[in-house]
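# Overview (structure and organization)
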Amino acid sequence: MRTQVAIIGAGPSGLLLGQLLTRQGIDNVIVERRGGDHVLSRIRAGVLEQGMVDLLDEAGVSLRLHREGIVHEGFTLAFAGRRHRIDMKGLTGGKTVTVYGQTEVTRDLMEARQVAGASTIYNAENVAVRDFESVSPRVSLTKDGMPTEISCDFIAGCDGFHGVCRQSVPLHAFQEFQRSYPFGWLGLLADVPAASHELVYANDERGFALCSMRSTTRSRYYIQVPLETKIEDWSDEQFFAELRLRLPPDVAANVTTGPSLEKSIAPLRSFVVEPMRFGQLFLAGDAAHIVPPTGAKGLNLAASDIRYLFDAIVEFYLEKSTVGLDTYSTRALARIWKAERFSWWMTSVLHKFPGNSPFDERMQRAELEYVEKSRAASTVVAENYVGLPY
Ligand code: FAS
Ligand code: PHB
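What comes next concerns the included structure. (Residues numbered from 1 in each chain as written. Chains lettered and ligands numbered in written order. Predicted model: local features only at pLDDT ≥ 70, side-chain atom pairs only at ≥ 80, totals over all residues. Heavy atoms only, no water.)

### Concerning the site of ligand 2
As a matter of local geometry, ligand 2 sits amid 14 residues, with Tyr201, Ser212, Arg214, Tyr222 and Pro293 nearest to it. A distance of 2.7 Å separates an oxygen atom of ligand 2 from a polar atom in the side chain of tyrosine 201. At 2.6 Å from an oxygen atom of ligand 2 is found a side-chain nitrogen or oxygen belonging to serine 212. Summarising the interface, the protein chains cover 97% of the accessible area of ligand 2, which totals 280 Å² for the free molecule. When contributions to the shell around ligand 2 are tallied by element, the ones reaching two or more residues are strand E15 (207-213) and strand E16 (219-225). Residues of the shell around ligand 2, tallied by class, amount to eight nonpolar, three polar and three charged. (Near = heavy atom within 4 Å. Polar contact = N/O pair within 3.5 Å; in protein donor to acceptor, adjacent residues only side chain to side chain. Areas by Shrake-Rupley, 256 points an atom, 1.4 Å probe, with all protein chains shown as cover. Helix = DSSP H or I, 4+ residues; strand = E, 2+ residues; numbered from the N terminus. Nonpolar A, V, L, I, M, F, W, Y, C, P; charged D, E, K, R; others polar.)

Structure follows, in structure tokens:
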């Protein structure tokens with residue numbers, strides 16, 4: 001099989017790149033190791049920066065997003081019995097975010113790809129990327145027991161943190177930067193009305209909590225849990241009781257309980273690999289970086305990677321220029337590191353760190369009180385949350 005761009009991974013990164021390339025008339029094949037239903041079953045991000053909304057507009061997949069997505073103009077930080085609203089719209093000259101689940105973004109992209117008749121190989125096994133340092137990179141895989149090979153011009157490694165692409169690069173060719181956090185997030189999705197019309201991030205003595213949503217009738221909640229926590233340790237009732245204890249009383253009183261549609265525990269880590277390009281192999285999204293979800297940046301960083309990579313590939317084919325390809329890694333990493341900083345900062349100031357000294361506790365409180373009292377400090381939070389320019 002021959003194509004121009006072979007994309008490894010049918011998560012949001014791979015599907016968005018595939019959709020943009022297909023609309024541009026650039027042939028591409030997506031190779032995904034799981035089935036489409038499994039990809040859709042993963043409950044992840046919920047907040048889209050304007051840059052991502054604009055890219056989904058350009059990809060022609062934003063009809064439902066504009067119909068069902070909820071525009072948010074601010075969010076609340078709750079701490080020490082007080083609340084501080086970050087007026088994103090007022091502090092950034094009108095910028096907002098849109099609440100619309102990653103599952104729905106993925107669904108919209110999958111449907112568009114099916115309509116376009118573009119090729120996606122699901123349930124691919126033994127996926128390997130080969131000769132990507134040459135001008136003739138290849139992807140080999142097994143499908144229904146049949147070995148298959150795809151020759152291409154470029155390979156987009158959109159296969160997430162545990163994917164094969166980054167792991168296929170020789171160790172001497174890259175440097176990893178990482179920090180693991182001493183806790184995880186236990187998330188619960190339920191068809192209950194939202195406890196607050198905007199997101200509430202709570203720093204409580206008992207630990208972090210987040211009230212988010214997928215719609216006005218479907219809520220997404222998170223509580224910080226110890227790393228060794230097992231899902232079976234937490235019944236729905238125990239989850240809601242703990243959530244309420246960590247929220248401001250009026251928000252807690254507004255929490256409606258209901259059976260969980262999904263419950264999962266996510267570890268928190270900061271991770272970046274440099275560079276993101278290896279010959280004709282380009283890493284994008286979680287394959288290249290991970291942020292703790294506290295800053296709602298993971299999915300949105302995948303979008304800016306795809307913006308840069310798509311523009312570079314189009315420039316190559318249309319203008320026979322490699323400038324975009326040659327600067328992709330530097331350009332993407334410049335934005336990635338700023339989002340890593342913001343996600344690390346939000347995580348550092350909002351969670352209960354086991355082993356924090358009394359000094360550390362005072363520093364955390366001082367950070368939050370500075371944001372509370374300073375318009376400049378609140379503006380820094382607001383402009384990072386809505387997303388720094390691409
Ligand atoms: P993905 O991991 O989504 O997709 C990679 C795809 O590649 C997967 O479908 C995988 O099956 C496939 N793949 C892997 N290995 C392969 C191989 N060898 N061959 C072929 N295919 C292969 N972000 C937020 O902004 N907010 C959140 O609340 C949030 N919560 C998260 C919770 C969890 C548990 C996780 C893991 C991430 C969370 N994220 C969150 C981040 C998440 O949204 C990612 O940023 C987003 O999924 C990135 O998309 P992709 O880069 O496409 O990677
Ligand atoms: C979510 O709705 O899943 C969500 C929202 C904001 C975050 C993390 C997750 O910071």
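### A word on the site of ligand 1
What surrounds ligand 1 is a group of 29 residues, the closest being Ser13, Glu32, Arg42, Arg44 and Gln102. At 2.8 Å from an oxygen atom of ligand 1 is found a side-chain nitrogen or oxygen belonging to arginine 44. Between an oxygen atom of ligand 1 and a main-chain N or O atom of leucine 299, the distance comes to 3.2 Å. With the chains in place, 86% of the 990 Å² that ligand 1 exposes on its own is no longer accessible. At the level of elements, helix H1 (12-23) and helix H9 (298-319) are the ones that each hand at least two residues to the shell around ligand 1. Tallied by class, residues from the shell around ligand 1 come to 13 nonpolar, eight polar and eight charged.

### Topic: the state of the cysteines
Evaluated as defined, the whole model comprises zero disulfides. No disulfide involves cysteine 165; its sulfur sits 8.0 Å from that of cysteine 158, the nearest cysteine. (Disulfide = S-S within 2.5 Å.)

### Some remarks on the environment of arginine 307
Tracing the chain through its elements places arginine 307 in helix H9. Along the backbone, arginine 307 and glycine 184 are 123 residues apart, and their C-alpha atoms lie at a distance of 30 Å. Every residue in contact with arginine 307, bar those within four places of it in the chain, is listed here: Leu55, Glu58 and Tyr390. A distance of 2.6 Å separates polar atoms of two side chains, one belonging to arginine 307 and the other to glutamate 58. (Contact = heavy atoms within 4.5 Å.)

### Thoughts on the nonpolar core
Within the largest apolar cluster, 76 residues are counted, with the highest numbers of intra-cluster contacts made by Val31, Leu48 and Val139. Element by element, the count of residues in this core is highest for H9, at 11 residues. Ranked by size, the runner-up nonpolar core spans 33 residues in total, among them Tyr201, Met213, Met346 and Val349. (Core = buried A, V, L, I, M, F, W, Y, C linked by side-chain atoms within 4.5 Å. Buried < 20%, exposed > 50% of the residue type's maximum accessible area, 1.4 Å probe, protein only.)

### Description of the sheet that holds strand E7 (residues 97-99)
Strand order in the open sheet formed by three strands is E3-E7-E4, and the pairing between neighbours is antiparallel. Sheet topology places strand E3 (47-48) and strand E4 (70-72) at the edges, where each strand pairs with a single neighbour. Here E3 runs beside E7; their pairing, made up of two bridges, is antiparallel. Residue leucine 48 lies in a different strand from E7, and its bridge partner there is threonine 98. (Pairing = 2+ DSSP bridges.)

### Things to note about the environment of arginine 214
Following the sequence through the fold, arginine 214 ends up in the loop between E15 and E16. In this structure arginine 214 comes out as buried when scored by relative accessible area, which is 14%. Beyond its immediate sequence surroundings of up to four residues, arginine 214 is in contact with Ile43, Arg44, Ala45, Gly46, Val99, Gly101, Leu189, Arg220 and Tyr222. Polar side-chain contacts of arginine 214 include one of 3.4 Å to the backbone oxygen of alanine 45.

### A few points about the packing of aromatic side chains
The tally for this structure, following the rule as stated, stands at 20 aromatic pairs. Ring centres 6.4 Å apart and planes at 80° place the aromatic pair phenylalanine 174 and phenylalanine 278 in the edge-to-face group. Of this pair, phenylalanine 174 sits in the loop between strand E12 (154-157) and strand E13 (175-190) while phenylalanine 278 sits in strand E18 (residues 277-278); the two residues are 104 residues apart in sequence, bridging distant segments of the chain. You can call phenylalanine 174 buried: its relative accessible area is 14%. The structure contains a cluster of three or more aromatic residues connected by ring pairs, namely Phe75, Trp185, Tyr201, Phe208, Tyr222, Phe342 and Tyr385. (Phe/Tyr/Trp six-rings, centres within 6.5 Å; stacked < 30°, edge-to-face > 60°.)

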